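Report on the structure
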Amino acid sequence: MAGARYDLAVIGGGPGGYVAAIRAAQLGLATVVVEREHLGGICLNWGCIPTKALLRTAEIFHLMHRAGEFGLTAEAIGFDLAAVVRRSRGVAKQLNAGVGHLLKKHRVAVVMGEATLTAPGRIAVKGGEAIEAKAVILATGARARELPGLEADGKRVWTYRHALEPPHMPKRLLVIGSGAIGIEFASFYATLGAETTVVEVVDRILPVEDAEISGLARKAFEKQGMRILEAAAVKRLGRSADTVEATIEQAGKTMVESFDTVISAVGIVGNVEGLGLEALGVMVERTHVVVDELCRTGIDGVYAIGDVAGPPWLAHKAMHEGVVVAELIAGGHPHPVRPGQIAGCTYCRPQVASVGMTEAEAAEAGHAVRVGRFPFLGNGKAIALGDPEGLVKTIFDARTGELLGAHMIGPEVTELIQGYVIGRTLETTEAELIATVFPHPTLSEAMHEAVLDAYGRMLHL
């Protein structure tokens, strides 16, 4: 590999990096991926995929306890946490191997090691040989943010990585932060029986979601037994061998409470260290590389995608950016990535999904807003499934009929949201959505009814 030359070098083999490499290879570019740890990145190995495996276990466990409602008998229901974790890790391992196979299939070279840009197009790999490339994509991802005094130790205070391979089953759990990561772990452990408290520093949980959806989520979680503290902050963690004393401030009052486990989920920071970006002149703000709408850094031939390039911090956003940049490097003219057309999904119980503007954002942007709602309580498939909690909410521009946003909470909404994503990508108006025939009986009918409701035409409620 001494002085190996490529058309493209991708630093980071996560969702954005490996997809960029595959697309570049499809376009005829000689491509190399440099990865320091695991192909598939955080998402596949320590994020999206293994957490979904855990949450599937929790879903089944929950349904087993409801067996009587479906005319079934289930006795002595329990779980083996070690076996649950083994399955989750096995799923991640399988997909990690799959990424390696895909790169090999597309003849993408893989170099394991830590990479540093010594000059535009020149990469030094720690413990390896130098690489030269006409273009470089930074796809180094991000890691958990840790606040002073709340640092994880892997014993009683965890990040998401510790929560995926827990040293024990929490009995009394504190989750700091109510974004997607915090809420998913809260949902998982609460379903398995942990007495769970969630602390959120702003005035509502799932703060990037529509306020109405956040409120419904809070009610659902509290009904399940979770304790939610909003507009609150954890100021200190006092640790001993088997307990953590948390100092929590809310509404001017201070309380000290005891937990056996704490999960810190207070955001992420970009992996920008050690890449040589400062010497190269690549701009970094708040630990994220500054890029334009086509992921260009301003340094010729250097691009950044995915979590290291800032929000939204979503694997599917990283993948799409990878394709866009690969096509741009190959001489194409791809459309810029538009965050307003990227769905956000939280795989808690009930699930939450959204795309586009919230109702408040639409009003603040000057739109004359029309809102439609339809509860799953009026959906035949949801009732048959025994899962009628939640609703679908649509937001339109009253003047043009443009679908500005859609927000959902309920059964399988992380699958359903893609229908609205396609609608926004195609610049669909209410007319096309109203004229669309939705199959019956399906959960998707609630999506149609929410559109009809916005225009005073709801049928089934």
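Calculation criteria
Residues numbered from 1 in each chain as written. Predicted model: local features only at pLDDT ≥ 70, side-chain atom pairs only at ≥ 80, totals over all residues. Heavy atoms only, no water. Pairing = 2+ DSSP bridges. Helix = DSSP H or I, 4+ residues; strand = E, 2+ residues; numbered from the N terminus. Axes fitted to C-alpha atoms, helices over the stretch in contact; angles between N-to-C directions. Contact = heavy atoms within 4.5 Å. Patch = residues over 30% accessible without salt bridge, like charges linked within 9 Å, V, L, I, M, F, W, Y side chains within 5 Å. Areas by Shrake-Rupley, 256 points an atom, 1.4 Å probe, with all protein chains shown as cover. Salt bridge = Lys/Arg side-chain N within 4 Å of Asp/Glu carboxyl O. Lys, Arg positive; Asp, Glu negative; His and termini not counted. Charge placed at Lys NZ, Arg CZ, Asp CG, Glu CD. Buried < 20%, exposed > 50% of the residue type's maximum accessible area, 1.4 Å probe, protein only. Expected span 1.5 Å × (residues − 1). Polar contact = N/O pair within 3.5 Å; in protein donor to acceptor, adjacent residues only side chain to side chain. Parallel < 35°, antiparallel > 145°, perpendicular 65-115°, else oblique. Left-handed = near helix turned anticlockwise from the far one by under 90°. Nonpolar A, V, L, I, M, F, W, Y, C, P; charged D, E, K, R; others polar. Core = buried A, V, L, I, M, F, W, Y, C linked by side-chain atoms within 4.5 Å. Phe/Tyr/Trp six-rings, centres within 6.5 Å; stacked < 30°, edge-to-face > 60°. Disulfide = S-S within 2.5 Å.

Our next topic: the sheet that holds strand β24 (residues 403–410). Hydrogen bonds between backbone atoms are what pair the strands of a sheet, whose relative direction is either parallel or antiparallel. Judged by pairing direction, the sheet is antiparallel, and its five strands sit side by side in the order β20-β21-β24-β23-β22 without closing on themselves. Because the sheet does not close on itself, it has two edges, and the strands there are β20 (344–346) and β22 (369–375). The mean angle between the axes of side-by-side strands here comes to 10°, regardless of whether they run parallel or antiparallel. With three bridges joining them, β20 and strand β21 (residues 351–356) adopt antiparallel strand pairing. Across the sheet, Gly344 pairs through a bridge with Ser354, a residue of β21. Contacting β20, β21, β23 (391–397) and β24, helix α12 (residues 413–425) crosses the sheet at an angle of about 10° to β21. Packing of helix α14 (residues 445–454) onto the sheet brings it into contact with β22, β23 and β24, and relative to β22 it is tilted by some 140°.

A cluster of acidic residues, Asp387, Glu389, Glu412 and Glu415, forms a negative patch at the surface. Relative to the helices and strands, Glu415 resides in helix α12.

It is worth spelling out the pattern of salt bridges at this point. For the structure shown, the criterion picks out 23 salt bridges. The shortest N-O distance in the salt bridge between Arg239 and Asp153 comes to 2.9 Å. One end of the pair, Arg239, is in strand β12 (residues 232–239); the other, Asp153, is in the loop between β7 (142–144) and β8 (157–158), with 86 residues separating them in the sequence. Judged by relative accessible area, Asp153 falls into the partly exposed class, the value being 35%.

Quick look at helix α1 (residues 15–26) now. When the terminal C-alpha atoms of α1 are compared, their 17 Å separation across twelve residues agrees well with the 16 Å that a helix rising 1.5 Å per residue should span. Across the twelve residues of α1, ten count as buried, placing the element largely inside the fold. Turning to α1, its buried residues number three or more, namely Pro15, Gly16, Gly17, Tyr18, Val19, Ala20, Ala21, Ile22, Ala24 and Ala25. Here the buried face of α1 lies against β1 (4–11), β2 (31–35), α2 (41–46), α4 (81–105), β6 (131–138) and α9 (315–329). Positive backbone phi, at 90°, marks Gly28, one or two positions downstream of α1.

The subject of this paragraph is the side chain of His168. If you trace the backbone, His168 turns up in the loop between α5 (160–164) and β9 (172–176). Owing to a relative accessible area of 18%, His168 belongs among the buried residues under this scheme. Within the structure, His168 has its side chain in polar contact with the side chain of Thr261 (distance 2.7 Å).

α4 packs onto α1 with a crossing angle of 20° between their chain directions and a minimal axis gap of 9 Å. Overall, the two elements α1 and α4 adopt an arrangement that is roughly parallel. α4 is crossed by α1, and the crossing has left-handed handedness. Packed against α1, whose contacting residues are Tyr18, Ala21 and Ile22, the element α4 presents Val99, Leu102 and Leu103 at the interface. In terms of residue class, the contact of α1 with α4 is built from six nonpolar, no polar and no charged.

A surface patch of nonpolar side chains, amounting to about 270 Å² of accessible area, comprises Leu63, Phe70 and Leu72. Inspection of the secondary structure assignment puts Leu72 in the loop between α3 (48–65) and α4. For Leu72, a relative accessible area of 56% gives the class exposed.

Now for the nonpolar core. Counting 35 residues, the largest nonpolar core has Phe185, Phe188, Tyr189, Val198, Phe221 and Ile263 as its most contacted members. Those elements that provide at least two residues to this core are α3, α4, α5, β9, α6 (180–191) and α7 (211–223). Leave out the neighbours within four places in its chain, and Phe221 touches Ile183, Ile205, Met226, Ile228, Cys348, Arg349 and Pro350. Listed in part, the 29 residues of the second largest apolar core include Ala139, Leu294, Tyr303 and Ile342.

We now examine the side chain of Thr414. Mapping Thr414 onto the fold places it in helix α12. Within the local environment of Thr414, its side chain forms a polar contact with the side chain of Gln351, the two groups lying 2.6 Å apart. Discounting chain neighbours no more than four positions away, the residues touching Thr414 are Cys345, Thr346, Tyr347, Gln351, Val352 and Ala353.

Here we take up the packing of aromatic side chains. Summed over the entire model, instances satisfying the criterion amount to four aromatic pairs. Here Trp158 and Tyr189 contribute two aromatic rings whose centre-to-centre distance is 6.1 Å and whose plane-to-plane angle is 55°, an arrangement assigned as tilted. In this pair, Trp158 sits in strand β8 while Tyr189 sits in helix α6, placing the two residues 31 residues apart along the sequence. Comparing Trp158 with Tyr189 shows no difference in burial state: the two are buried. Geometrically, the ring pair formed by Phe188 and Tyr189 is edge-to-face, given 4.8 Å between the ring centres and 75° between the ring planes. The structure contains a cluster of three or more aromatic residues connected by ring pairs, namely Trp158, Phe188 and Tyr189.

The next thing to look at is the state of the cysteines. Going through the model one piece at a time under the given rule, you end up with one disulfide. The residue that forms a disulfide with Cys43 is Cys48, at a sulfur-sulfur distance of 2.5 Å. On the sign convention where negative means left-handed, the S-S torsion of about -130° between Cys43 and Cys48 marks this disulfide as left-handed. The class of Cys43 is buried, set by a relative accessible area of 16%. Judged by relative accessible area, Cys48 falls into the partly exposed class, the value being 30%. Of all cysteine sulfurs, the one in Cys43 lies closest to Cys295, which takes part in no disulfide; the gap is 17 Å. With no disulfide of its own, Cys345 lies closest to Cys48 among cysteine sulfurs, the gap being 10 Å.

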